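Coordinate inspection notes
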Amino acid sequence: ARKGVDLVLTAHHELFTESSKVALFVKGDSYGAKLFPKDMATIYSGEPLINDIKIHKQIRTKTYKNKPIILYSFQSYPDDMIPEILLSLDAFVFPSRGEGFGLPPMEAMSCELPVVATSGTSMEEFMLPDISYPVKSNGWKPDPRCDWITNQYKDNLFAGPDYITYRDAVWEIYSNREAAKNKGIRARQFVIENYDLFLILLFHPNLRLLLYDELRL
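Residues numbered from 1 in each chain as written. Predicted model: local features only at pLDDT ≥ 70, side-chain atom pairs only at ≥ 80, totals over all residues. Heavy atoms only, no water.

On to the overall build of the chain. Helix and strand counts for the chain come out as nine helices and seven strands. Long-range contacts, defined here as pairs at least 24 residues apart, represent 62% of the contacts in the chain between residues at least 6 apart. As displayed, the chain has an accessible area near 13,000 Å², and 56% of this comes from carbon and sulfur atoms. (Helix = DSSP H or I, 4+ residues; strand = E, 2+ residues; numbered from the N terminus. Contact = heavy atoms within 4.5 Å. Areas by Shrake-Rupley, 256 points an atom, 1.4 Å probe, with all protein chains shown as cover.)

We now examine the sheet that holds strand S4 (residues 115-118). If you walk across this open sheet you meet the three strands as S3-S4-S5, and the pairing is parallel. Where the open sheet ends on each side, the last strands, each with one partner, are strand S3 (92-94) and strand S5 (133-135). On average, each strand axis in the sheet is tilted by 15 degrees relative to the strand beside it, whichever way the strands run. Where S3 meets S4, three bridges bridge the pair, whose relative direction is parallel. Across the sheet, the residue bridging to Phe92 is Val115, located in S4. Sheet contacts for helix H5 (residues 103-110): S3 and S4; angle to S3, the most-contacted strand, approximately 165 degrees. Where helix H6 (residues 163-175) meets the sheet, it contacts S3, S4 and S5, and its direction lies at approximately 165 degrees from that of S5. (Pairing = 2+ DSSP bridges. Axes fitted to C-alpha atoms, helices over the stretch in contact; angles between N-to-C directions.)

Moving on, we get to the packing of helix H1 (residues 5-15) against helix H3 (residues 53-65). How two helices sit against one another is set out by the angle between their axes and by the gap between those axes. Two elements in contact, H1 and H3, have axes whose closest approach is 7 Å; the angle formed by their N-to-C orientations is 80 degrees. Classed by the angle they form, the pair H1 and H3 counts as roughly perpendicular. Residue-level contacts link Thr10, His13 and Glu14 of H1 to Ile59, Lys62 and Thr63 of H3. Counted by class, the contact of H1 with H3 contains one nonpolar, three polar and two charged residues. (Parallel < 35°, antiparallel > 145°, perpendicular 65-115°, else oblique. Nonpolar A, V, L, I, M, F, W, Y, C, P; charged D, E, K, R; others polar.)

With that settled, the discussion passes to the pairing of strand S7 (residues 157-161). Of all five residues that make up S7, four are buried, and the element is covered over most of its length. The pairing of strand S6 (residues 137-142) with S7 spans four bridges and is antiparallel. When the sheet's bridge partners are listed, Ser137 is paired in S7 with Pro161. (Buried < 20%, exposed > 50% of the residue type's maximum accessible area, 1.4 Å probe, protein only.)

We now examine the side chain of Thr118. As for its placement among the helices and strands, Thr118 is situated in strand S4. Not counting residues up to four positions away in its chain, the partners in contact with Thr118 are Phe94, Pro95, Ser96, Met123, Met127, Val135, Ala159 and Pro161.

Let's shift gears to helix H7 (residues 177-195). In this model, H7 (19 residues) spans 26 Å end to end at C-alpha, consistent with the 27 Å of a helix rising 1.5 Å per residue. Three or more residues of H7 are buried, namely Ala180, Lys183, Gly184, Ala187, Phe190, Val191 and Tyr195. Burial along H7 is one-sided: seen end-on, the buried residues are contained in an arc of 125 degrees. Seen from the open side of H7, the exposed residues pointing more than 90 degrees away from its buried face are Glu178 and Lys181. (Expected span 1.5 Å × (residues − 1). Arc of directions from axis to C-beta.)

Coordinates in, geometry out; function isn't part of it.
Structure, rendered in structure tokens:
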């Protein structure tokens, strides 16, 4: 729930059909492997996967009938395979409700992918309109679906990524692919100029010493 899979699956079924030639690739972990079949069953039963009942009533017919292509994997991959996987995609979506930093979307940006992600979290630092497709947050509130991660998250506030903003961003990428590609190019340049490891170590000597100590261990 924290990663916003409910928004991703709902929008994919609202926007596309099996003839759209659009495939959604869901990469999750062992916990996601348990939830994913339940989420798919909810979609195909006509029940709401997102909390906004008003929106669900408007799109229920499409999400219930459409059967777009979905690929999924819940296995772990070595780090050196991540760029290969990312480079096989046309876009990266990440409407998360909360992140410590948001490394996955930044990794996607470094591969020149247009990225759709929640801006009202730690990712607001780099989810800028000129280089990405930021999803606004409808405020902050506790979310029981996210409490399982760690006891420290109990009753913490999580972002509420806006479904309409997310859905429209996905459609914008699909409809204007050249513009999306150019955003991806600018995003990679932004990452190189602001988050390159050597650049960070140059301006943060304490981090440089910490890294050196870690490497010695």
